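Summary of the model geometry
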Amino acid sequence: MEKQRVLTGITTTGTPHLGNYVGAIRPAIAASEDDSVESFLFLADYHALIKCSDPALIRQSSKEVAATWLALGLNTDKTVFYRQSDIQEITELTWILCCNAAKGLMNRAHAYKAAVQANEAAGEDADFAITMGLFSYPVLMAADILMFNAHKIPVGRDQIQHVEMARDIAQRFNHNFEEIFTLPEADVGEDVATLQGTDGRKMSKSYHNTIPLFLPESALRKAINKIKTNLLQPGEPKDPDDSTVFQMWAAFASADETARMRREFENGIAWGEAKRQLFELVNDELAEARDIYMRLINDPGHIENVLLQGAERARAHSVKVMQKVRAAVGIAAIR
Ligand code: TRP
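Counting of residues starts from 1 at the beginning of each chain's written sequence and follows it residue by residue. Where local features are concerned, this predicted model is filtered to residues with pLDDT of at least 70; where side-chain atom pairs are given and counted, the filter is 80 or more; whole-chain, interface and lining totals use all residues. Computation of side-chain values: all heavy atoms of the structure, hydrogens and water removed.

Points about the packing of helix H4 (residues 88-98) against helix H7 (residues 132-147)
Just so we agree on the cut-off: Only the contacting stretch of a helix is used when fitting its axis, a line to C-alpha atoms as for every element, and angles between N-to-C directions run 0 to 180 degrees. The helix count covers DSSP runs of H or I at least four residues long, the strand count covers runs of E at least two residues long, and both are numbered beginning at the N terminus. Throughout, a crossing is termed right-handed when the near helix is turned clockwise from the far one, and left-handed when it is turned anticlockwise from it by less than a right angle. Residue contacts are defined here by distance: any two heavy atoms, one from each residue, within 4.5 Å place the two residues in contact. Side-chain classes are defined by residue name, with Ala, Val, Leu, Ile, Met, Phe, Trp, Tyr, Cys and Pro counting as nonpolar, Asp, Glu, Lys and Arg as charged, and the others, Gly among them, as polar.
Packing of H4 against H7 brings their axes to within 8 Å, and their N-to-C directions diverge by 115°. Once H4 is placed against H7, the crossing between them reads as right-handed. Packed against H4, whose contacting residues are Glu89, Ile90, Leu93, Thr94, Leu97 and Cys98, the element H7 presents Val139, Leu140, Ala142, Ala143, Asp144, Leu146 and Met147 at the interface. Taken together, the residues of the contact of H4 with H7 break down into ten nonpolar, one polar and two charged.

Written out as C-alpha coordinates, the structure reads:
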(Lines give C-alpha, C1' and ligand atoms only; values in the text may rest on other atoms or scores of the structure.)
Protein backbone atom coordinates (compact mmCIF):
# COMPACT_ATOMS: atom_id res chain seq x y z
CA MET A 1 0.00 0.00 0.00
CA GLU A 2 1.10 3.52 -0.72
CA LYS A 3 2.43 5.28 2.37
CA GLN A 4 0.62 8.25 3.83
CA ARG A 5 2.47 11.36 2.84
CA VAL A 6 2.81 14.11 5.44
CA LEU A 7 4.03 17.55 4.41
CA THR A 8 4.54 20.81 6.18
CA GLY A 9 6.27 24.14 5.63
CA ILE A 10 7.88 26.63 7.98
CA THR A 11 7.83 30.27 7.03
CA THR A 12 11.33 31.64 7.44
CA THR A 13 10.68 34.90 9.21
CA GLY A 14 12.39 35.19 12.56
CA THR A 15 14.32 33.08 15.00
CA PRO A 16 12.69 29.87 16.31
CA HIS A 17 11.52 30.22 19.92
CA LEU A 18 10.44 27.91 22.74
CA GLY A 19 6.80 28.15 21.63
CA ASN A 20 7.71 26.92 18.11
CA TYR A 21 9.72 24.14 19.68
CA VAL A 22 7.04 22.83 22.00
CA GLY A 23 4.10 23.43 19.65
CA ALA A 24 5.55 22.40 16.30
CA ILE A 25 9.18 21.35 16.03
CA ARG A 26 9.39 18.75 18.80
CA PRO A 27 6.17 16.94 17.79
CA ALA A 28 7.09 17.07 14.09
CA ILE A 29 10.50 15.55 14.66
CA ALA A 30 8.96 12.79 16.78
CA ALA A 31 6.30 12.15 14.14
CA SER A 32 8.87 11.98 11.35
CA GLU A 33 10.37 8.88 12.96
CA ASP A 34 7.14 7.01 12.23
CA ASP A 35 7.97 4.49 9.51
CA SER A 36 4.42 4.21 8.27
CA VAL A 37 4.55 7.72 6.81
CA GLU A 38 6.67 9.52 4.27
CA SER A 39 7.44 13.03 5.41
CA PHE A 40 8.28 16.22 3.56
CA LEU A 41 9.41 19.32 5.38
CA PHE A 42 10.51 22.58 3.83
CA LEU A 43 11.59 26.14 4.45
CA ALA A 44 8.85 28.33 3.01
CA ASP A 45 11.09 31.19 1.96
CA TYR A 46 8.77 32.40 -0.79
CA HIS A 47 6.09 32.72 1.86
CA ALA A 48 8.54 34.69 3.96
CA LEU A 49 8.81 37.31 1.18
CA ILE A 50 5.14 38.12 1.72
CA LYS A 51 5.76 39.32 5.24
CA CYS A 52 9.31 40.57 5.06
CA SER A 53 11.18 42.75 2.61
CA ASP A 54 14.55 42.71 4.35
CA PRO A 55 16.87 40.38 2.37
CA ALA A 56 19.33 40.01 5.25
CA LEU A 57 16.57 38.87 7.58
CA ILE A 58 15.22 36.37 5.05
CA ARG A 59 18.69 34.88 4.60
CA GLN A 60 19.42 34.81 8.32
CA SER A 61 16.10 33.22 9.18
CA SER A 62 16.45 30.48 6.53
CA LYS A 63 19.81 29.58 8.02
CA GLU A 64 18.53 29.62 11.60
CA VAL A 65 15.42 27.61 10.87
CA ALA A 66 17.37 24.97 8.93
CA ALA A 67 20.07 24.76 11.63
CA THR A 68 17.39 24.43 14.32
CA TRP A 69 15.68 21.43 12.76
CA LEU A 70 18.98 19.74 12.01
CA ALA A 71 20.36 20.39 15.48
CA LEU A 72 17.25 18.89 17.06
CA GLY A 73 17.87 15.67 15.22
CA LEU A 74 15.63 15.77 12.18
CA ASN A 75 16.47 12.58 10.31
CA THR A 76 17.09 13.78 6.76
CA ASP A 77 17.33 10.25 5.40
CA LYS A 78 13.71 9.69 6.34
CA THR A 79 12.39 13.21 5.84
CA VAL A 80 12.78 15.04 2.56
CA PHE A 81 14.03 18.38 3.88
CA TYR A 82 14.31 21.19 1.35
CA ARG A 83 13.90 24.86 0.58
CA GLN A 84 10.80 25.92 -1.32
CA SER A 85 12.72 28.27 -3.62
CA ASP A 86 14.94 25.42 -4.83
CA ILE A 87 11.92 23.74 -6.38
CA GLN A 88 11.27 25.80 -9.52
CA GLU A 89 8.21 23.71 -10.29
CA ILE A 90 6.45 25.24 -7.29
CA THR A 91 6.25 28.71 -8.80
CA GLU A 92 5.29 27.20 -12.12
CA LEU A 93 2.45 25.27 -10.52
CA THR A 94 1.40 28.35 -8.57
CA TRP A 95 0.56 30.16 -11.79
CA ILE A 96 -1.41 27.28 -13.22
CA LEU A 97 -3.32 26.96 -9.94
CA CYS A 98 -3.95 30.72 -9.96
CA CYS A 99 -5.81 30.16 -13.20
CA ASN A 100 -7.95 27.58 -11.43
CA ALA A 101 -8.52 29.30 -8.10
CA ALA A 102 -11.64 31.39 -7.72
CA LYS A 103 -10.89 34.97 -6.73
CA GLY A 104 -13.97 34.85 -4.52
CA LEU A 105 -12.39 32.01 -2.57
CA MET A 106 -9.25 34.07 -1.96
CA ASN A 107 -11.36 37.06 -0.86
CA ARG A 108 -12.46 34.93 2.07
CA ALA A 109 -8.94 34.09 3.30
CA HIS A 110 -8.57 35.15 6.96
CA ALA A 111 -5.18 36.80 6.53
CA TYR A 112 -6.37 38.94 3.63
CA LYS A 113 -9.67 39.78 5.33
CA ALA A 114 -7.86 40.80 8.51
CA ALA A 115 -5.60 43.14 6.52
CA VAL A 116 -8.63 44.72 4.81
CA GLN A 117 -10.41 45.16 8.13
CA ALA A 118 -7.35 46.79 9.67
CA ASN A 119 -7.22 49.21 6.73
CA GLU A 120 -10.89 50.06 7.05
CA ALA A 121 -10.56 50.58 10.80
CA ALA A 122 -7.68 52.98 10.13
CA GLY A 123 -9.73 54.88 7.54
CA GLU A 124 -7.47 53.77 4.69
CA ASP A 125 -8.36 52.39 1.29
CA ALA A 126 -9.42 48.74 1.73
CA ASP A 127 -6.43 47.38 -0.18
CA PHE A 128 -3.84 49.81 1.15
CA ALA A 129 -0.37 48.11 1.24
CA ILE A 130 -1.85 44.71 0.39
CA THR A 131 0.31 42.96 -2.19
CA MET A 132 -0.70 40.31 -4.69
CA GLY A 133 1.65 38.08 -2.72
CA LEU A 134 -0.48 38.36 0.40
CA PHE A 135 -3.65 37.92 -1.63
CA SER A 136 -2.32 34.86 -3.47
CA TYR A 137 -0.62 33.32 -0.43
CA PRO A 138 -3.10 30.41 -0.27
CA VAL A 139 -2.40 29.52 -3.92
CA LEU A 140 1.34 29.29 -3.33
CA MET A 141 0.60 27.13 -0.30
CA ALA A 142 -1.72 24.96 -2.41
CA ALA A 143 1.14 24.47 -4.89
CA ASP A 144 3.46 23.42 -2.03
CA ILE A 145 0.98 20.80 -0.92
CA LEU A 146 -0.44 19.53 -4.21
CA MET A 147 2.97 19.24 -5.87
CA PHE A 148 3.85 16.34 -3.59
CA ASN A 149 0.43 14.70 -3.41
CA ALA A 150 0.46 15.03 0.34
CA HIS A 151 -2.39 13.50 2.34
CA LYS A 152 -1.87 15.02 5.78
CA ILE A 153 -0.78 18.55 6.52
CA PRO A 154 0.19 19.16 10.16
CA VAL A 155 -0.60 22.80 10.86
CA GLY A 156 -1.75 25.19 13.54
CA ARG A 157 -5.38 26.24 13.69
CA ASP A 158 -4.70 29.44 11.78
CA GLN A 159 -3.71 27.39 8.73
CA ILE A 160 -6.70 25.05 8.49
CA GLN A 161 -8.48 27.36 6.08
CA HIS A 162 -5.46 27.38 3.75
CA VAL A 163 -5.38 23.59 3.60
CA GLU A 164 -9.10 23.57 2.83
CA MET A 165 -8.48 26.03 0.03
CA ALA A 166 -5.77 23.76 -1.37
CA ARG A 167 -8.27 20.93 -1.32
CA ASP A 168 -10.84 23.06 -3.06
CA ILE A 169 -8.35 24.10 -5.77
CA ALA A 170 -7.28 20.47 -6.24
CA GLN A 171 -10.86 19.34 -6.65
CA ARG A 172 -11.54 21.96 -9.26
CA PHE A 173 -8.38 21.09 -11.19
CA ASN A 174 -9.07 17.35 -11.05
CA HIS A 175 -12.62 17.97 -12.27
CA ASN A 176 -11.67 20.33 -15.10
CA PHE A 177 -8.61 18.47 -16.37
CA GLU A 178 -7.33 15.18 -15.01
CA GLU A 179 -7.29 13.46 -11.64
CA ILE A 180 -3.75 14.51 -10.81
CA PHE A 181 -3.92 15.82 -7.28
CA THR A 182 -4.45 14.08 -3.96
CA LEU A 183 -6.97 15.89 -1.76
CA PRO A 184 -5.08 17.04 1.34
CA GLU A 185 -6.38 17.24 4.89
CA ALA A 186 -5.25 19.46 7.73
CA ASP A 187 -3.96 17.63 10.78
CA VAL A 188 -4.23 19.81 13.86
CA GLY A 189 -2.43 18.19 16.77
CA GLU A 190 -5.02 18.30 19.57
CA ASP A 191 -2.64 17.51 22.38
CA VAL A 192 0.30 19.77 21.50
CA ALA A 193 0.95 22.52 23.96
CA THR A 194 0.80 26.20 23.16
CA LEU A 195 3.31 27.96 25.32
CA GLN A 196 2.72 31.26 27.08
CA GLY A 197 5.26 34.00 26.56
CA THR A 198 7.12 35.97 29.22
CA ASP A 199 4.10 38.27 29.65
CA GLY A 200 1.57 35.44 30.05
CA ARG A 201 -0.03 35.84 26.60
CA LYS A 202 0.50 33.17 23.92
CA MET A 203 4.21 33.07 23.01
CA SER A 204 4.35 34.77 19.64
CA LYS A 205 6.74 36.87 17.65
CA SER A 206 4.03 39.48 17.16
CA TYR A 207 3.74 40.02 20.94
CA HIS A 208 7.51 40.37 21.50
CA ASN A 209 7.26 37.95 24.40
CA THR A 210 9.27 35.03 23.04
CA ILE A 211 12.25 33.19 24.43
CA PRO A 212 14.53 32.19 21.53
CA LEU A 213 15.16 28.46 21.49
CA PHE A 214 18.93 28.51 21.43
CA LEU A 215 19.84 31.42 23.65
CA PRO A 216 23.23 30.97 25.30
CA GLU A 217 22.84 29.43 28.74
CA SER A 218 23.19 32.66 30.75
CA ALA A 219 20.72 34.51 28.52
CA LEU A 220 18.24 31.64 28.83
CA ARG A 221 18.48 31.88 32.61
CA LYS A 222 17.84 35.62 32.46
CA ALA A 223 14.89 35.22 30.10
CA ILE A 224 13.28 32.64 32.39
CA ASN A 225 13.85 34.90 35.39
CA LYS A 226 11.94 37.63 33.59
CA ILE A 227 8.75 35.59 33.19
CA LYS A 228 5.93 37.58 34.75
CA THR A 229 4.64 36.28 38.11
CA ASN A 230 2.40 37.68 40.84
CA LEU A 231 3.59 39.13 44.15
CA LEU A 232 2.94 36.10 46.37
CA GLN A 233 5.74 35.53 48.90
CA PRO A 234 7.67 32.28 49.57
CA GLY A 235 5.45 30.02 51.68
CA GLU A 236 2.22 31.39 50.24
CA PRO A 237 0.34 28.79 48.14
CA LYS A 238 0.40 29.57 44.41
CA ASP A 239 -2.09 28.60 41.73
CA PRO A 240 -0.24 26.45 39.17
CA ASP A 241 -3.03 26.79 36.64
CA ASP A 242 -2.62 30.53 36.59
CA SER A 243 1.15 30.50 36.15
CA THR A 244 3.31 30.78 33.07
CA VAL A 245 6.19 29.23 35.00
CA PHE A 246 4.14 26.14 35.78
CA GLN A 247 2.75 25.94 32.27
CA MET A 248 6.23 25.99 30.82
CA TRP A 249 7.33 23.40 33.35
CA ALA A 250 4.53 21.10 32.23
CA ALA A 251 5.60 21.46 28.59
CA PHE A 252 9.06 20.11 29.40
CA ALA A 253 8.58 17.78 32.39
CA SER A 254 7.32 14.20 32.67
CA ALA A 255 3.87 13.59 34.19
CA ASP A 256 5.46 12.67 37.54
CA GLU A 257 7.63 15.75 37.63
CA THR A 258 4.62 17.87 36.71
CA ALA A 259 2.62 16.40 39.59
CA ARG A 260 5.52 17.10 41.95
CA MET A 261 5.75 20.73 40.85
CA ARG A 262 1.99 21.13 41.30
CA ARG A 263 2.42 20.09 44.94
CA GLU A 264 5.37 22.45 45.33
CA PHE A 265 3.18 25.31 44.12
CA GLU A 266 0.49 24.36 46.61
CA ASN A 267 3.16 24.27 49.33
CA GLY A 268 4.26 27.79 48.47
CA ILE A 269 7.51 27.33 46.52
CA ALA A 270 9.27 30.70 46.06
CA TRP A 271 9.09 32.14 42.53
CA GLY A 272 12.87 32.37 42.39
CA GLU A 273 13.20 28.68 43.21
CA ALA A 274 10.51 27.63 40.75
CA LYS A 275 12.27 29.57 38.02
CA ARG A 276 15.63 28.11 38.96
CA GLN A 277 14.23 24.59 38.58
CA LEU A 278 12.51 25.55 35.34
CA PHE A 279 15.77 26.85 33.91
CA GLU A 280 17.57 23.61 34.81
CA LEU A 281 14.85 21.54 33.19
CA VAL A 282 14.71 23.51 29.94
CA ASN A 283 18.46 23.86 29.75
CA ASP A 284 18.97 20.10 30.20
CA GLU A 285 16.62 19.35 27.35
CA LEU A 286 18.25 21.85 25.00
CA ALA A 287 21.94 21.95 25.91
CA GLU A 288 23.16 19.26 23.55
CA ALA A 289 21.15 20.51 20.58
CA ARG A 290 22.33 24.04 21.32
CA ASP A 291 25.96 22.96 20.90
CA ILE A 292 25.17 21.33 17.58
CA TYR A 293 23.21 24.42 16.54
CA MET A 294 26.16 26.69 17.24
CA ARG A 295 28.42 24.46 15.18
CA LEU A 296 25.96 24.41 12.28
CA ILE A 297 25.49 28.18 12.30
CA ASN A 298 29.24 28.45 11.88
CA ASP A 299 29.23 25.93 9.04
CA PRO A 300 26.63 27.30 6.60
CA GLY A 301 28.14 25.31 3.72
CA HIS A 302 27.05 22.13 5.43
CA ILE A 303 23.49 23.40 5.86
CA GLU A 304 23.41 24.41 2.21
CA ASN A 305 24.54 20.94 1.11
CA VAL A 306 21.87 19.24 3.17
CA LEU A 307 19.21 21.48 1.64
CA LEU A 308 20.46 20.91 -1.90
CA GLN A 309 20.39 17.16 -1.40
CA GLY A 310 16.83 17.49 -0.12
CA ALA A 311 15.91 19.60 -3.14
CA GLU A 312 17.24 16.93 -5.45
CA ARG A 313 15.02 14.32 -3.83
CA ALA A 314 12.03 16.65 -3.87
CA ARG A 315 12.54 17.49 -7.53
CA ALA A 316 12.44 13.82 -8.44
CA HIS A 317 8.73 14.17 -7.63
CA SER A 318 8.00 17.73 -8.68
CA VAL A 319 9.47 17.46 -12.18
CA LYS A 320 7.24 14.49 -12.97
CA VAL A 321 4.11 16.04 -11.52
CA MET A 322 4.74 19.25 -13.43
CA GLN A 323 5.07 17.34 -16.69
CA LYS A 324 1.67 15.82 -16.10
CA VAL A 325 0.14 19.15 -15.15
CA ARG A 326 1.53 20.93 -18.19
CA ALA A 327 0.23 18.22 -20.47
CA ALA A 328 -3.16 18.24 -18.77
CA VAL A 329 -3.69 21.97 -19.34
CA GLY A 330 -2.31 21.97 -22.89
CA ILE A 331 1.11 23.54 -22.38
CA ALA A 332 2.94 21.18 -24.69
CA ALA A 333 5.23 20.85 -27.66
CA ILE A 334 3.58 21.38 -31.02
CA ARG A 335 3.73 18.20 -33.02
N1 TRP B 1 1.76 29.18 5.69
C2 TRP B 1 2.34 28.30 6.66
C3 TRP B 1 2.57 29.06 7.97
O4 TRP B 1 2.80 30.25 7.96
C5 TRP B 1 3.66 27.77 6.17
C6 TRP B 1 3.47 26.96 4.95
C7 TRP B 1 3.78 27.31 3.67
C8 TRP B 1 2.91 25.66 4.89
N9 TRP B 1 3.44 26.32 2.81
C10 TRP B 1 2.91 25.29 3.51
C11 TRP B 1 2.41 24.79 5.85
C12 TRP B 1 2.41 24.06 3.09
C13 TRP B 1 1.90 23.56 5.42
C14 TRP B 1 1.91 23.21 4.06
O15 TRP B 1 2.54 28.44 9.01
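A short note on the site of the ligand
For clarity, the threshold we go by: Residues are labelled near a given molecule or strand when at least one of their non-hydrogen atoms is within 4 Å of it. We call two N or O atoms a polar contact when they sit within 3.5 Å, provided that within protein one can donate a hydrogen and the other can accept it, with sequence-adjacent residues counted only if both atoms are side-chain atoms. Method for areas: the Shrake-Rupley scheme with a 1.4 Å probe, in which residue coverage is limited to the protein chains shown.
Around the ligand lies a shell of 14 residues, among which Thr11, His47, Tyr137, Asp144 and Gln159 are the nearest. Measuring from an oxygen atom of the ligand, one finds a side-chain N or O atom of Thr11 at 3.0 Å. Between the ligand and the protein, one listed contact pairs a nitrogen atom with a side-chain N or O atom of Tyr137 at 2.6 Å. Relative to its free-state accessible area of 370 Å², the ligand is covered by the protein chains to the extent of 90%. Among the secondary structure elements, those contributing two or more residues to the shell around the ligand are strand E1 (4-11), strand E2 (37-44) and H7.

Digging into the pattern of salt bridges
Side chains bearing opposite charge may pair, as long as their charged atoms lie close to each other. Here is the rule we go by: In the sections that follow, a salt bridge refers to a side-chain nitrogen of Lys or Arg positioned within 4 Å of a carboxyl oxygen of Asp or Glu. When a residue's accessible area, from a 1.4 Å probe over protein chains only, is under 20% of the maximum for its type it is buried; when over 50% it is exposed; and in between it is partly exposed.
In the structure shown here, the tally under the stated rule is 15 salt bridges. Arg83 is the partner of Glu304 in a salt bridge, and the nearest nitrogen-oxygen pair spans 2.8 Å. You can see Glu304 sitting in helix H13 (residues 300-329) and its partner Arg83 sitting in strand E3 (residues 79-83), a full 221 residues away along the chain. Glu304 gets classed as partly exposed once you look at its relative accessible area, which sits at 31%. Two residues, Glu257 and Arg260, come together in a salt bridge whose shortest N-O distance is 3.1 Å. Taken together, the residues span about one helical turn, with Glu257 and Arg260 both in helix H11 (residues 255-266) at a distance of three residues. One salt-bridge network, in which partners are shared between bridges, spans Glu33, Asp35 and Lys78.

Section: the packing of helix H3 (residues 55-71) against H13
Using the following cut-off: Orientation is classified from the angle alone, with under 35 degrees giving roughly parallel, over 145 giving roughly antiparallel, 65 to 115 giving roughly perpendicular, and any other angle giving oblique.
At their nearest, the axes of H3 and H13 sit 10 Å apart, and the two run at 80° to each other. With respect to their mutual orientation, H3 and H13 come out roughly perpendicular. Between H3 and H13, the residues in contact are Lys63, Ala66, Ala67 and Leu70 and Pro300, Ile303, Val306 and Leu307, respectively. Looking at the contact of H3 with H13 residue by residue, the class counts come to seven nonpolar, no polar and one charged.

Some words on a negative patch on the surface
Selection criterion: Grouping into patches uses exposed residues only, defined as over 30% relative accessible area, and leaves out salt-bridged ones; the cut-off is 9 Å for like charges and 5 Å for nonpolar side chains (Val, Leu, Ile, Met, Phe, Trp, Tyr). Only four residue types enter the charge count: Lys and Arg as positive, Asp and Glu as negative, with His and the chain ends excluded. Think of each charge as sitting on NZ of Lys, CZ of Arg, CG of Asp or CD of Glu.
Taken together, the side chains of Glu120, Glu124, Asp125 and Asp127 define an acidic patch exposed on the protein surface. The residue Glu120 is located in helix H6 (residues 110-121) in this model.

Re the domain arrangement of the chain
Selection criterion: Start and end points for every domain follow an automatic or database-based domain assignment. As a working definition, buried area equals the accessible area (1.4 Å probe) given up by two parts on being put together, with both sides summed.
For the chain, the assigned domains are domain 1 (4-101 + 136-194 + 299-329) and domain 2 (214-295). Its C-alpha centre places domain 1 at a distance of 33 Å from the equivalent point of domain 2. Taken together, the eleven residues of domain 1 in the interface contact twelve residues of domain 2. Both faces combined, the contact of domain 1 with domain 2 buries some 980 Å², and carbon together with sulfur accounts for 63% of it. For the salt bridge of Arg26 with Glu285, the shortest nitrogen-to-oxygen distance reads 3.0 Å.

Some details on H4
Along H4, the residues that are buried comprise Glu89, Ile90, Leu93, Thr94, Ile96 and Leu97. In this structure, the buried residues of H4 make contact with H7, helix H8 (160-176) and H13.

Examining the packing of aromatic side chains
Both the distance between ring centres and the angle between the ring planes are used here to describe each pair of aromatic rings. For the record, the criterion: In this analysis, rings of Phe, Tyr and Trp, with Trp reduced to its six-membered ring, are considered paired at centre separations within 6.5 Å, and the interplanar angle assigns stacked below 30 degrees, edge-to-face beyond 60, and tilted for intermediate values.
According to the stated counting rule, one finds eleven aromatic pairs in the structure shown. Here the aromatic cluster, defined as three or more aromatic residues joined through ring pairs, consists of Phe40, Phe42, Tyr82 and Phe148.

Side note on the pairing of E3
For E3, the tally of buried residues reaches five of five residues, placing the bulk of the element in the interior. The two faces of E3 match: Thr79, Phe81 and Arg83 on one face and Val80 and Tyr82 on the other face are all buried.

Quick notes on the side chain of Gln159
The topology assignment puts Gln159 in the loop between strand E4 (152-154) and H8. On the basis of relative accessibility, which here comes to 16%, the residue Gln159 falls in the buried class. A polar contact is formed between the side chain of Gln159 and the side chain of His162, at a distance of 2.8 Å.

Some points on the environment of His317
Topologically, His317 is positioned in helix H13. Spatially, the C-alpha atoms of His317 and Gly133 are 25 Å apart, while their sequence positions differ by 184 residues. Not counting the four nearest positions on each side in its chain, His317 is found in contact with Arg5, Phe40 and Phe148.

Here's the deal with the nonpolar core
Note the cut-off: Working definition of a nonpolar core: buried Ala, Val, Leu, Ile, Met, Phe, Trp, Tyr and Cys residues. They are joined through side-chain atoms within 4.5 Å.
The biggest cluster of nonpolar side chains holds 51 residues, and the ones touching the most others in it are Leu18, Trp69, Phe81, Ile211, Met248 and Phe252. Elements with a minimum of two residues in this core: helix H1 (18-31), E2, H3, helix H9 (217-225), helix H10 (244-252), H11, helix H12 (271-297) and H13. Broken down by element, this core gets its largest block of residues, eleven residues, from H12. Residue contributions to this core reach at least three from each of two domains, namely domain 1 (4-101 + 136-194 + 299-329) and domain 2 (214-295). Ranked by size, the runner-up nonpolar core spans 47 residues in total, among them Ala44, Ala101, Ala143 and Ala328.

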